[in-house]
Amino acid sequence: MALLEIEDLRARVEGKEILKGVSLSLEAGEVHAIMGPNGSGKSTLAYVLAGRDGYEVTGGAVRFLGEDLLAMEPEERAAAGLFLAMQYPVEIPGVSNMYFLRQALNALRKARGEEEVKPGEFLKQVRAAAELLGMPQELLKRDINVGFSGGEKKRNEILQLAVLEPRLAVLDETDSGLDIDALKTVAQGVNRLRGGERAFLIITHYQRLLNHIVPDRVHVMVDGRILRSGGKELALELEERGYEGFAGKAA
Amino acid sequence: MSSAIETVREVTGGEYKWGFTTPVEEETAPPGLNEDIIRMISKKKGEPDWLTAWRLEAYRRWQAMEEPKWAKVHYPPIDFQAISYFAAPKQKERPKSLDDIDPEIRRTYEKLGIPIREQEILAGVAVDYVFDSVSVATTFKQKLEELGIIFCSISEAVRDHPELVRKYLGTVVPPGDNFYAALNSAVFTDGSFVYVPKGVRCPMELSTYFRINAAGTGQFERTLIIADEGSYVSYLEGCTAPMRDENQLHAAVVELIALDEAEIKYSTVQNWYPGDKDGKGGIYNFVTKRGLCKGRRSKISWTQVETGSAITWKYPSCILQGEESVGEFYSVAVTNNHQQADTGTKMVHIGKRTRSRIVSKGIAAGRSNNTYRGLVKIMRGAEGARNYTQCDSLLIGDRCGAHTVPYIEVRNRSAVAEHEATTSKISDDQLFYCRSRGISEEDAVALIVNGFCREVMDELPMEFAVEARKLLGISLEGSVG
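Please read these numbers as outputs of a predicted model, since none were measured by experiment.

Cut-offs applied
- Residues numbered from 1 in each chain as written.
- Chains lettered and ligands numbered in written order.
- Predicted model: local features only at pLDDT ≥ 70, side-chain atom pairs only at ≥ 80, totals over all residues.
- Heavy atoms only, no water.
- Helix = DSSP H or I, 4+ residues; strand = E, 2+ residues; numbered from the N terminus.
- Polar contact = N/O pair within 3.5 Å; in protein donor to acceptor, adjacent residues only side chain to side chain.
- Contact = heavy atoms within 4.5 Å.
- Pairing = 2+ DSSP bridges.
- Axes fitted to C-alpha atoms, helices over the stretch in contact; angles between N-to-C directions.
- Phe/Tyr/Trp six-rings, centres within 6.5 Å; stacked < 30°, edge-to-face > 60°.
- Buried < 20%, exposed > 50% of the residue type's maximum accessible area, 1.4 Å probe, protein only.

Chemist: Quick question: what am I supposed to make of the side chain of B:Asn184 here?
Modeler: Residue and element names in this part refer to chain B. Considering the arrangement of structural elements, one finds Asn-184 in helix H8 (residues 179-187). A polar contact is formed between the side chain of Asn-184 and the side chain of Arg-222, at a distance of 3.0 Å. A polar contact is formed between the side chain of Asn-184 and the backbone oxygen of Ala-251, at a distance of 2.8 Å. If near-sequence neighbours (up to four positions away) are discounted, Asn-184 is found in contact with Phe-220, Glu-221, Arg-222, Ala-251, Ala-252 and Val-253.

What follows is the structure in structure tokens.
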């Protein structure tokens, strides 16, 4: 059974059809990349998977670990093991990063019938994750994303990923706005979280992230559809020819 | 420390869970207000003649006054003759020890989570328990007495320390101050009294827990706190009431006096019954609270978390008379469903280099209305006075209202008054962000609201911060979706 099975998924945003029949299958432990130009529907796909309001599914199906993902509330999807690293992480004033993470982790554990995390254990876990990502400890105490630089926000998403330990992580343009050093650190973090059962769906605009996180499969998305899928070399081909060349060929 | 989310979960259904009644036999005065009723109350309490006369004078003034109409609250006229002004559990006399308390009343406080005992949960807190019109118990009296601290019901204070009561009662809130203060002065039944002697730092939190139980009655308590030179005291009040279809009136007066270099920290967690989802029933909370920073470098700090009541009308204030005295007001006011709150503060700067700080956080949900109303008045002689005011409003949903009405009067050129105000909404982005991490929508609201209020919550004594966080979550249940 595939970890994630997307079948002919169609979705509308504000009455406009954005996803026009996306199909994709992802096995446990795999890393897939979705590449595509602006407006191709990559981020819409990410939001539809995470269950954001305002993204109306008009057709198709998504099965996650055999369950009907689209029937679940966003928090249930998280409890089932889905994580979305957002392109624009949100600020929540007055709520410390650490506190938020603990609430989230305990909510997930509770939904799974597990006990709350012990404070000492949690602290150790978070500190280790912060170290992995080269994040100053001080960022853990600050309010979530408030006054964080673009790079810090993205790193913070990966920190959450490391602590919440999802089965499938969707990274929505995590590389955008990152300088090369930050990109490397984030990629290193992701690579360390790879392996075993955990799968990744990496949404990106550019090939450069894929130099650091080497995917098992690459999908090219244009105008709400996946035009082509292939191995990691597809990303390089795309980089060379550009999306336009691709789209032209498909048409 | 227990977290907001976990504590919100502990409570089921989002119902007001303090709404039960206690089956205790009570002695209730017949409804209505006249001089005879006032004499009866005064006599019942064995008061000296001067106090009876003081009450009657207040009553005469009250008769000539009109209910204030300027607040942004709406309610049908109150029939003051339909209210009973005295209700007390039947008991021959006040129990001599904590063990003699009526088991029903004991159970009531246990159910409310504040058992009448000097141990366990409340080991660091001395509590005065006020049940309808009378104080039924006070813990840790002995221990406090050793330090010269007086903590008792105001009735006892009238009897045992008449000189202190007579010297200070009505000096901060005079009987004719306003309609409800005059009413309270005429009919006040019980409340707490605190005196902290010179140079003593009160080693524990002092607390009063007010419980309205009887139907058809009002609660009119009176609290008087005096901090003598160089002393410190932290005081907290909490309150709940049964769920009833009719509205009940709560008109309290609180007076604080801080002498030279004394500090009083006064915290309130107000959780009177707010009425049901359709706005039926609930407490009218019409309260006058004022502190006098009488001495130089004295400090009075009000912190309030207001989640209950159908209507809240209250403006805890500071008169900054002593040079370099400091007044603070930290407030969280939450309104949901049909609740109405018109609350804020007055900072009156009289002394030189006096300073005040106001941080108000209003949260409105449902069809509620939430108004901050504040006055900063800097008098001519208040050389170098400073005020900083910050008013933030948070809206949940689109049928509620938040209003900010600041009045600033500055009569001294060297004074500085700053005012900042913001209004925001809980954004869909924030909610989705939390939910995508596994946090349910209601818990997400509690989390975001707690974050919004953190500056104020941090001012609460540790023992009560958890309770207050919990309340915030509960009072907003059902406010989204």
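Chemist: Would you explain the sheet that holds strand S11 (residues 217-222) of chain A in this entry?
Modeler: Residue and element names in this part refer to chain A. Taken in spatial order, the 6 strands make up an open sheet running S6-S9-S10-S3-S11-S12, and their pairing is mixed. Of all strands in the sheet, those bounded by a partner on one side alone are strand S6 (82-85) and strand S12 (225-230). Adjacent strand axes in the sheet meet at a mean angle of 20 degrees when their direction is disregarded. In the sheet, S6 pairs with strand S9 (residues 168-172) via 4 bridges, with the strands oriented parallel. From the neighbouring strand, Phe-83 faces S9, where its bridge partner is Ala-169.

Chemist: Explain the packing of aromatic side chains here, please?
Modeler: To describe a pair of aromatic rings, you give the distance between the ring centres and the angle between the ring planes. Residue and element names in this part refer to chain B. In the structure shown here, the tally under the stated rule is 21 aromatic pairs over all chains. Relative to Phe-286, the ring of Tyr-180 lies with its centre 4.7 Å away and its plane at 40 degrees, an arrangement referred to as tilted. Taken together, the residues span a long stretch of sequence, with Tyr-180 in helix H8 and Phe-286 in strand S13 (residues 282-293) at a distance of 106 residues. One exposure class covers both Tyr-180 and Phe-286, and it is buried. Measuring from ring centre to ring centre gives 6.2 Å for Phe-286 and Trp-313, while their planes differ by 80 degrees; the resulting arrangement is edge-to-face. Of the two residues, Phe-286 is situated in strand S13 and Trp-313 in strand S15 (residues 311-314); the sequence distance between them amounts to 27 residues. Residue Phe-286 shares its accessibility class with Trp-313, and that shared class is buried. In this structure an aromatic cluster arises from ring pairing among Tyr-59, Trp-62, Trp-70, Tyr-75, Phe-80, Phe-179, Tyr-180, Tyr-284, Phe-286, Trp-313 and Tyr-315.

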